[in-house]
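The primary structure of each chain is shown beneath.
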Amino acid sequence: MENKIVMEFPQENDTDLYLNVFGHSITEPLHKAGPAVKTFYLIHFVLEGEGDFYVGNAHYHLKKGQGFLIEPGTQTFYQADKDDPWSYLWIGVGGTNAGKYIRDIGLNSEQLIFRSESGEELKKIVLDILKHTESTTSNLYYLQGRLYDFFSVLTKDVVIDTYLGNSREKKYGRENGYGEYIKEAMAFIKNE
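Here is what the cut-offs are and how they apply
Residues numbered from 1 in each chain as written. Predicted model: local features only at pLDDT ≥ 70, side-chain atom pairs only at ≥ 80, totals over all residues. Heavy atoms only, no water. Helix = DSSP H or I, 4+ residues; strand = E, 2+ residues; numbered from the N terminus. Contact = heavy atoms within 4.5 Å. Salt bridge = Lys/Arg side-chain N within 4 Å of Asp/Glu carboxyl O. Buried < 20%, exposed > 50% of the residue type's maximum accessible area, 1.4 Å probe, protein only. Phe/Tyr/Trp six-rings, centres within 6.5 Å; stacked < 30°, edge-to-face > 60°. Lys NZ or Arg CZ within 6 Å of the ring centre and 35° of its normal. pLDDT = per-residue confidence, 0-100. Axes fitted to C-alpha atoms, helices over the stretch in contact; angles between N-to-C directions. Parallel < 35°, antiparallel > 145°, perpendicular 65-115°, else oblique.

J.: Hey, could you go over the environment of Leu30 for me, with residue numbers and the actual values?
T.: Here Leu30 shows up in the loop between strand S2 (18–27) and strand S3 (32–37). Note: C-alpha distance between Leu30 and Lys82 (52 residues apart in sequence) is 5.0 Å. When neighbours within four sequence positions are excluded, Leu30 is seen to be in contact with Gln79, Ala80, Asp81 and Lys82.

Shown next, in the form of structure tokens:
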């Protein structure tokens, strides 16, 4: 059993990036989702508690401040902890460039797990989206803007956790990588 708020906007078109599903859930102990396969990218972020995420042969135990990516066509399963069940939010996206936007965050099939210090900001965005679900042109543009806000927050401070056997390697989101290119470009311009 879970207490959840969810909205779906299934779309099949050539849009660059679109919101497919989003929501917020407070789960009961051992609440599970799956095994299932999605047709879109789905990002979950843990607001409180903990739980387990399974994809292929990999298992991740996640806590507050961590999140995970579910890729299209990939079977996954996730379950709330029995003692400290999680609450989480999620956003599912599709579109012709959805994979590029996911990679801009630093996520891909090799990097499914991340951390962020911006949980409250992400929660505010999703709860705000849930208030604008009437199917009007104005709301559709508003939702699209909030979707980009969600991605902006994640690219700002996401930390990618790479699990290598028993060790963990930390990498920061793409935001930091672009900074180096900008510095090099500025240095080049100053030398001209």
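Moving on, there is more to tell.
J.: An account of the pattern of salt bridges is needed here, citing residue identities and associated values.
T.: Applying the stated criterion to the full structure yields 5 salt bridges. We note a salt bridge from Asp128 to Arg146, for which the minimum N-O separation is 3.1 Å. Here the residue Asp128 occupies a position in helix H2 (residues 119–130), and Arg146 occupies one in helix H3 (residues 137–157), the gap between them amounting to 18 residues. The residues Asp128 and Arg146 share a single accessibility class, namely buried. Salt bridges here are not isolated pairs; linked through shared partners, they connect Asp128, Arg146 and Asp149.

J.: Describe the packing of aromatic side chains, listing the residues and the values that go with them.
T.: Throughout the structure, instances matching the rule amount to 12 aromatic pairs. Summarising the aromatic geometry, the rings of Phe53 and Tyr60 are spaced 6.1 Å apart at their centres and angled 20° between planes, so their arrangement reads as stacked. Side by side, Phe53 and Tyr60 carry an identical accessibility label, which is buried. Here the aromatic rings of Trp86 and Tyr88 are separated by 5.5 Å at their centres, their planes lie at 90°, and the arrangement is edge-to-face. Classification of Trp86 by relative accessible area gives buried; the value is 1%. Across from the ring centre of Tyr101, 5.4 Å away, lies the NZ or CZ of Lys100, which sits over that ring.

J.: Explain the confidence of the model for the protein chain residue by residue, including any values.
T.: Averaged over all residues, the pLDDT of the protein chain is 83; the fraction at 70 or higher stands at 76%. For the stretch residues 164–182, pLDDT sits under 50, and the model shows 30 contacts to residues farther than four places along the chain or on other chains.

J.: Describe in detail unusual backbone geometry, supporting the description with residues and values.
T.: Glycine aside, the phi torsion of most residues is negative, and most peptide linkages are trans. Along the chain, Gly34 connects to Pro35 via a cis peptide bond; the corresponding omega equals 0°. Residue position: Pro35 is located in strand S3. Unusually for a residue other than glycine, Leu30 sits at a positive phi of about 65°.

J.: Outline the packing of helix H1 (residues 98–105) against H3, supporting the account with residue identities and numerical values.
T.: Helix-helix packing: each pair is described by the crossing angle between the helix axes and the interaxial distance. In contact at an axis separation of 8 Å, H1 and H3 are set at 30° when each is read in the N-to-C sense. Judged by the angle between their axes, H1 and H3 are roughly parallel. In this structure, H1 contributes Tyr101, Ile102, Asp104 and Ile105 to the contact, and H3 contributes Tyr148, Phe151, Leu154 and Thr155.

J.: Give a description of the environment of Leu42 that names residues and reports values.
T.: Within the secondary structure layout, Leu42 lies in strand S4 (residues 41–48). Spatially, the C-alpha atom of Leu42 lies 5.0 Å from that of Ile70, the residues being 28 residues apart in sequence.

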